[in-house]
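Survey of secondary and tertiary structure
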Amino acid sequence: MGVLRDAWYVRVPPSPGASRPMLRRLPFAVLTGALLIFSVLFYVVTAGFGVLAVPAAVLLAGPVLMAWYRPLPAWAAMVVAMPLITGLGLALHSPIVPQPWLLDQTLAQLPVMYVLALSSARRVTAVAVAVTLAVGIAITVPQDLAPDRVSRGLLAWTLALLLAVVLGHARRMRRLATLRVADELGQRRILEERARIARELHDVVAHHMSVIAVQAASAPYRIAGGVSEEAAEEFAAINAAARESLRDMRHLLGALRGSDDEPGTAPQPGLEDLGALAESVRRAGVPVQLTVCAPAPSLSPVESVTVYRIVQEALSNVVRHAPGARTTVSVGAGADAVSLAVDNEPPPRASGTVQPGSRLGLIGMRERVAVLGGDLTAAATDEGGFVVRARLPRRAAERSTRSPQGGEGGAG
């Protein structure tokens, strides 16, 4: 019952990677109109339905248009219409009693069964096919018809329904396979981006661990009057732990780095490099206004490289998707958080809403912010531009060890 209840509200699924349905509404409307006109003429001229030809034609053609909105209710309406139309022909002693395998009814049933197979689970479609065939046979057998005519008609009708269901199910499977591949690719990109971020943060953390190891090793010789044996052993233990941590980090980095990757030797960029980044973007034709209210020493190395990478990716998206758009970059460091914003106006040579940056770039920004427990917003504006805003919370330990009097400066 739960499967049927869910299938009752199912609609035509969207295309992979898009929000629009896989099937367009116009063909259903055109087919419904054509069936309506054809059925009215057939029921009036050939079947002798008279004024009842119009409601009979609506019963026949209506489920076709309904299938685009609700496939399972459309199928239910189609199944109910079959005995009603046949019974009406028998009651009026029509010279040609409508049968399920006639052209008009088959043309009305095929799109409904196709959409049902495309939109619903396989067991729901199998039950629908069985019920449809059972109803068709049940309304045909009691009639005094030639056996060869009935067998040929039912066989052709059954094959047509099965063909529509098989085609719809095959397209449904292709769609699910495409979605599965896209999901796997997205997960792989996330893992690759996390590994890249980990390699960058490794360089920052390794630097601090090296400083700890060097300071612990040299402390006994730098303290006036020397140190006690117990203190010297403590410094030696700190030095050994720092070196061991460095070795473990190198092993971890080797696991994260691919076999073809070469270790980087260049220092990681930071807050002090934003000016050069903005200048390179200006040379690419994007007017950038940069404002930094966070002196470089006030940020930790991890925060500094995170801010730089987010701004770098946001500006890269502006260059790719909104060339020439006026852009504002602002970075500020407060007592509790580091905030940054990259706002760009609509491009001067394009119309419509600016599209967001590449999926991988947005994934990288979100992952970097998540590492520090922050928040990221990336969305189009009502004016047609795009905005990227991030907030990185400051660690309490860092705030307590820093001087409360921090300077402010600007660059741009």
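See the structure shown above.
Residues numbered from 1 in each chain as written. Predicted model: local features only at pLDDT ≥ 70, side-chain atom pairs only at ≥ 80, totals over all residues. Heavy atoms only, no water.

1. Things to note about the side chain of Arg394
Inspection of the secondary structure assignment puts Arg394 in the loop between strand 5 (386-393) and helix 12 (396-401). A residue is classified by how much of its surface remains accessible, and Arg394, at 9% relative accessible area, is buried. Reaching out from Arg394, the side chain makes a polar contact with the backbone oxygen of Gly334 at a distance of 3.1 Å. (Helix = DSSP H or I, 4+ residues; strand = E, 2+ residues; numbered from the N terminus. Buried < 20%, exposed > 50% of the residue type's maximum accessible area, 1.4 Å probe, protein only. Polar contact = N/O pair within 3.5 Å; in protein donor to acceptor, adjacent residues only side chain to side chain.)

2. What about the packing of helix 3 (residues 53-69) against helix 5 (residues 103-119)?
Direction vectors running N to C along helix 3 and helix 5 enclose 20°, while the axes themselves pass 9 Å from each other. Between helix 3 and helix 5, the interaxial angle falls into the category roughly parallel. Along this stretch, helix 3 crosses helix 5, giving a crossing that reads as left-handed. Seen from helix 3, the contacting residues are Leu60, Pro63, Val64 and Ala67; seen from helix 5, they are Asp104, Gln105, Ala108, Pro111, Val112 and Val115. Its residues placed into classes, the contact of helix 3 with helix 5 shows eight nonpolar, one polar and one charged. (Axes fitted to C-alpha atoms, helices over the stretch in contact; angles between N-to-C directions. Parallel < 35°, antiparallel > 145°, perpendicular 65-115°, else oblique. Left-handed = near helix turned anticlockwise from the far one by under 90°. Contact = heavy atoms within 4.5 Å. Nonpolar A, V, L, I, M, F, W, Y, C, P; charged D, E, K, R; others polar.)

3. Quick notes on helix 9 (residues 274-283)
Those residues of helix 9 lying buried are Leu274, Leu277, Ala278 and Val281. Projected down its long axis, helix 9 carries its buried residues within an arc of 95°, all on one side. Residues of helix 9 that are exposed and angled more than 90 degrees away from the buried face: Ala276 and Arg283. Those residues of helix 9 that are buried lie in contact with strand 1 (288-293), helix 10 (301-321) and strand 2 (327-333). A positive backbone phi angle near 100° is found at Gly285, which sits one or two residues after helix 9. (Arc of directions from axis to C-beta.)

4. Details of the pairing of strand 2
For strand 1 and strand 2, the ladder comprises six bridges, and the chain directions are parallel. Within the sheet, the bridge partner assigned to Gln289 lies in strand 2 and is Thr328. Pairing of strand 2 with strand 3 (residues 337-344), which is carried by seven bridges, proceeds in the antiparallel orientation. Bridging across to strand 3, Ala333 finds its partner in Val338. Taking the residues that link successive antiparallel strands as the turn, the strand 2-strand 3 hairpin has three residues. (Pairing = 2+ DSSP bridges.)

5. Considering the nonpolar core
Counting 46 residues, the largest nonpolar core has Leu23, Phe28, Tyr43, Trp75, Val112, Met113 and Trp157 as the members making the most contacts within it. Elements supplying a minimum of two residues to this core: helix 2 (25-46), helix 3, helix 4 (71-91), helix 5, helix 6 (122-140) and helix 7 (147-222). The leading source of residues in this core is helix 4, at eight residues. Sequence-distant contacts of Leu23, that is, excluding residues within four places in its chain, are made with Val12, Phe28, Trp68, Tyr114, Val115, Leu118 and Arg171. (Core = buried A, V, L, I, M, F, W, Y, C linked by side-chain atoms within 4.5 Å.)

6. A look at the packing of aromatic side chains
Inspection of every chain in the model, using the stated rule, returns four aromatic pairs. Here the aromatic rings of Phe38 and Phe42 are separated by 6.4 Å at their centres, their planes lie at 10°, and the arrangement is stacked. Residue Phe38 and its partner Phe42 are both found in helix 2; the two are separated by four residues, about one turn of the helix. (Phe/Tyr/Trp six-rings, centres within 6.5 Å; stacked < 30°, edge-to-face > 60°.)

7. Quick notes on the packing of helix 5 against helix 6
For the pair helix 5 and helix 6, the least separation of the axes is 9 Å and the interaxial angle reads 155°. One way to sum up the angle between helix 5 and helix 6 is to call them roughly antiparallel. Residue-level inspection shows Met113, Leu116 and Ala117 of helix 5 in contact with helix 6, the latter providing Thr125, Ala128, Val129 and Thr132. Residues that form the contact of helix 5 with helix 6 fall into these classes: five nonpolar, two polar and no charged.

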